[in-house]
Amino acid sequence: MSDIAAPPPGRTGSIQFKLVIAFLLVSLLPMMFAADLATRVVSRVFERNVETWLRETSIYFLNNIVETQQEAVGVGQFVTAQPDLMRNLLEDPGRHELPPYLKQLIQAVGYDLVAVYDGQKRLKFSSPSVEAIEQVPLNSDNSLYRVHLHDRTVITAAGVRQFQVDGVPYFLVLGTWLDESFLTAMENVTSLELRLYYRDNGKFVEAFSSRRGADPNLLLPQPVSDALLDGTASFYDANAENGQYRGMYSPLRNTDGSIVAVIFCGLRSRETLGGWLNQTNLFLSIFLTGTLLSVLAGYLVSRRLSRPLRSLAKGVRAVAAGDYSQQVEVQGHDEVAELATAFNQMSLRLAQLHDLEAQLRRRDRLSALGE
């Protein structure tokens, strides 16, 4: 019997390859919609988490400032309870050195400013020497003050405590500079920038920034200022400063509810996941990942389907070569399994016919030999 078996198909012409391509084409459009939906959901969740984290960070610093002011009031109450000590401060108005006992106490609790005012808001004593303290609300327990030193201007979180010496009213101001030393808790977060905008003549001017070389006269963006002055609790901007930051602006209010300063917590986009995590990159990542998974799934499914067909093809070639004893494994109960069963029955029938043909030939030869 002549060999009529055809050569096996090439890889690109195989059923498995065609099944993979078909599976990919069918899943391509749904994958695009799924990637777009997942991109929107992930972006929204990421922005919400960043906004929450920045808001909590802002609240943390606002609470630190308020606690510093309240502690200053408590320390001031303790200090002013010693009239001899306060009288000693007022004896020499030109002196700027604290008495040893008071100096040790102030250094221990970490305050930078000690000042005494009289009832007419005249500065009677200060340590260190200051030129002026702007907007001193002596009727308030705590607030923020702009302090003009000889070489710089700083913002201090201070508490005010009233006391009397010989029946004359005075006010003690204890304050802490809002500078680098106050922000040491966030030194390890290199991608986070903190700023303090102080209200001056109706505008919010940058008084401090953790970024070195920042413009000290930078103004608070007008939309942010308008929103906070209208009563907004906090303002989140996902594209602050032309997309350089994801920023949270939180107001610091005085005892009467007016805004005296604004804290800015900004997360640098380029130095964090936020710089990479944009909608385009997210879409491409999710789409490519889904496409690879689709190809892998298509490969596994097509391999599962084409394996019995390859077994059948091998059996057909064996039968075509004269091996009628060839049998293929039957797996499952689908159409391919029916085809395998039919092939096995055909192979068995061909083997029987081959045996019958051989017997008839032997009989013919014996008859011829008998004749």
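Look up a bit, the structure's there.
Below or above, wherever it landed, is the structure these notes cover. (Residues numbered from 1 in each chain as written. Predicted model: local features only at pLDDT ≥ 70, side-chain atom pairs only at ≥ 80, totals over all residues. Heavy atoms only, no water.)

**Re the side chain of Ser225**
- With respect to the helices and strands, Ser225 occurs in helix H4 (residues 222-229).
- When residues no more than four places from it in sequence are discounted, the contact partners of Ser225 are Phe204 and Leu220. (Helix = DSSP H or I, 4+ residues; strand = E, 2+ residues; numbered from the N terminus. Contact = heavy atoms within 4.5 Å.)

**Notes on the packing of aromatic side chains**
- Summed over the entire model, instances satisfying the criterion amount to five aromatic pairs.
- Aromatic side chains Phe163 and Tyr170 sit 5.7 Å apart centroid to centroid with 25° between the ring planes, which places their arrangement in the stacked category. Pair check on accessibility: Phe163 and Tyr170 agree, each one buried.
- Taken together, a centroid distance of 6.0 Å and an interplanar angle of 85° make the contact between Tyr245 and Phe264 edge-to-face. Residue Tyr245 is located in strand E10 (residues 245-253), and its partner Phe264 is located in strand E11 (residues 259-268); the two are separated by 19 residues in the primary sequence.
- Grouped by ring-pair contacts, the aromatic residues Phe235, Tyr245, Tyr249 and Phe264 constitute a single cluster. (Phe/Tyr/Trp six-rings, centres within 6.5 Å; stacked < 30°, edge-to-face > 60°. Buried < 20%, exposed > 50% of the residue type's maximum accessible area, 1.4 Å probe, protein only.)

**What to know about the nonpolar core**
- Of all hydrophobic cores here, the largest spans 24 residues; its most connected members are Leu54, Ile65, Leu144, Leu178, Leu196 and Leu252.
- Looking at this core, the elements that each hand over two or more residues are helix H1 (15-80), strand E5 (153-165), strand E7 (192-200), E10 and E11.
- Here this core takes six residues from H1, the largest share from any one element.
- If near-sequence neighbours (up to four positions away) are discounted, Leu144 is found in contact with Ile65, Gln69, Ile155, Thr156, Ala157, Leu178, Tyr198, Leu252, Val260 and Ala261. (Core = buried A, V, L, I, M, F, W, Y, C linked by side-chain atoms within 4.5 Å.)

Scope: geometric values only; no functional claims are made or implied.
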